[in-house]
Structures are given as C-alpha cells and as structure tokens.
Amino acid sequence: MLKKRDLHECHALYSLLNDPSVSPYVRYQCHSPEEYLFLTKQLMDEEEQKTTISRTILNEAGLPIGTIDLYHIVNHTGFLATWIGAPYFGNGYSQRAKSIFLSELFLEHAIETVFLKIRKQNIRSSKAAQKLPYVKLANDSHDELYGFINAGEQIYDLYRVERIDFIEYSMILNQGVAT
C-alpha cells in the first residue's frame, strides 16, 4: 500500500492533486506537472538528508492514489501530511496509510512524536484524525507550537501521535487478533 516515491508516478499523482476538492488542503501547491515533478525530486533529496520521509499511497491495483510524508524532521519529531485523490475518498485508504506509515516511522526511524496540523475548515481530515485512537488534540498541551503554526491567526488545529501511544494501541490490536 505504501512505496518510496518514484518520479514515474508524478503525472498520475498530479492529475489527482489538481482536483479542487484536494488541492486547497495540500501542503504544496503545484501549477503544472513539471512543477510537481520538481517538488517530488526535492522531497526525494530531503529524504536522503533525513529531513523528510515520503511515500506514495497505492490502491489494491497498485496505482498511485495519494502521498503521505513526514516533513521538518528535527529531534525525532516531524509533521505528517497526507492527501488522497478524490475518487478514493471514503474507502479507508487514509487510515490504513497512516497506520502503516506510523509503524514505519516509530519502529524503523526512531521517531518519537508526529504532529498533524489540520486546517479547522478541513472537516474531512479532522474527522479522519479523530477516528484514530492514538491521535490526541494538542492545541493546549503544545501551546507554543500551536501558536507558531498559527502565527496569530488560528487556522489550524494541532494533533499529535506519541510513539508509546501508537505502539500500545498496536499491541492491544494485535492481541485481539491473536486470541
């Protein structure tokens, strides 16, 4: 369901990204396939420098349907960004991608905290985040960071996923499967 980014998938992803129900909520705005190709190359370079981890989300047929990134990685923390193409909304891809990606981050990359900044108007993403039992609202618990991401104008809610919370949830889930 997730794979390392590949320049060959940029055209398909750009056509999904360009949808008006997706593009306003994406961290990076691209106005051409060439610009998206350039941005993807930058993300791949940042991954080599260990400041970003970026994956393509695939559907069951192996087609690219979105991306998931951890960016601004500093001191074992970073920010999560996920987008899914509109034809794939409501099929659980975002939750599954987050679960797989968080497992990779916490178990393979020694990330301790993942932050999500979600626009208050982005109801779809807010509901998706709140469905995950290991995601906690962090507006008050990380008030300095909350103030920084909003720079005086409260347009984002801040959420966090702690490594320990995710691992405990995964262990409980796996115990339920094993019994």
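The following refers to the structure shown.

Procedures and definitions
Residues numbered from 1 in each chain as written. Predicted model: local features only at pLDDT ≥ 70, side-chain atom pairs only at ≥ 80, totals over all residues. Heavy atoms only, no water. Helix = DSSP H or I, 4+ residues; strand = E, 2+ residues; numbered from the N terminus. Rg over C-alpha atoms; globule rule 2.2 N^0.38 Å. Buried < 20%, exposed > 50% of the residue type's maximum accessible area, 1.4 Å probe, protein only. Areas by Shrake-Rupley, 256 points an atom, 1.4 Å probe, with all protein chains shown as cover. Arc of directions from axis to C-beta. Contact = heavy atoms within 4.5 Å. Axes fitted to C-alpha atoms, helices over the stretch in contact; angles between N-to-C directions. Parallel < 35°, antiparallel > 145°, perpendicular 65-115°, else oblique. Left-handed = near helix turned anticlockwise from the far one by under 90°. Nonpolar A, V, L, I, M, F, W, Y, C, P; charged D, E, K, R; others polar.

A word on the overall build of the chain. Within the chain, the regular secondary structure consists of 6 helices and 7 strands. Computed over its C-alpha atoms, the radius of gyration of the chain comes to 16 Å, within 12% of the 16 Å expected for a compact globule of 179 residues. In the chain, which comprises 179 residues, the share counted as buried stands at 44%. When the accessible surface of the chain is totalled, it reaches about 10000 Å², and 54% of it is carbon and sulfur.

Regarding helix α4 (residues 123-130), the residues found buried are Ser126, Ala128 and Ala129. The buried residues of α4 all sit within an arc of 165 degrees when viewed along its axis, so they share a single face. Of the exposed residues in α4, the ones pointing more than 90 degrees away from its buried face are Arg124, Lys127 and Gln130. Those residues of α4 that are buried lie in contact with α3 (93-108), β5 (113-119) and β7 (156-162).

Attention shifts here to the packing of helix α1 (residues 10-17) against helix α2 (residues 33-48). Where α1 meets α2, the axes come as close as 9 Å, and the angle between the chain directions of the two elements is 115 degrees. Taken as axis vectors, α1 and α2 run roughly perpendicular relative to one another. Where α1 crosses over α2, the two elements pack in a sense that is right-handed. Together, Cys10, His11, Leu13, Tyr14 and Leu17 of α1 and Pro33, Tyr36, Leu37 and Thr40 of α2 make up the contact between the two elements. Taken together, the residues that form the contact of α1 with α2 break down as 7 nonpolar, 2 polar and no charged.

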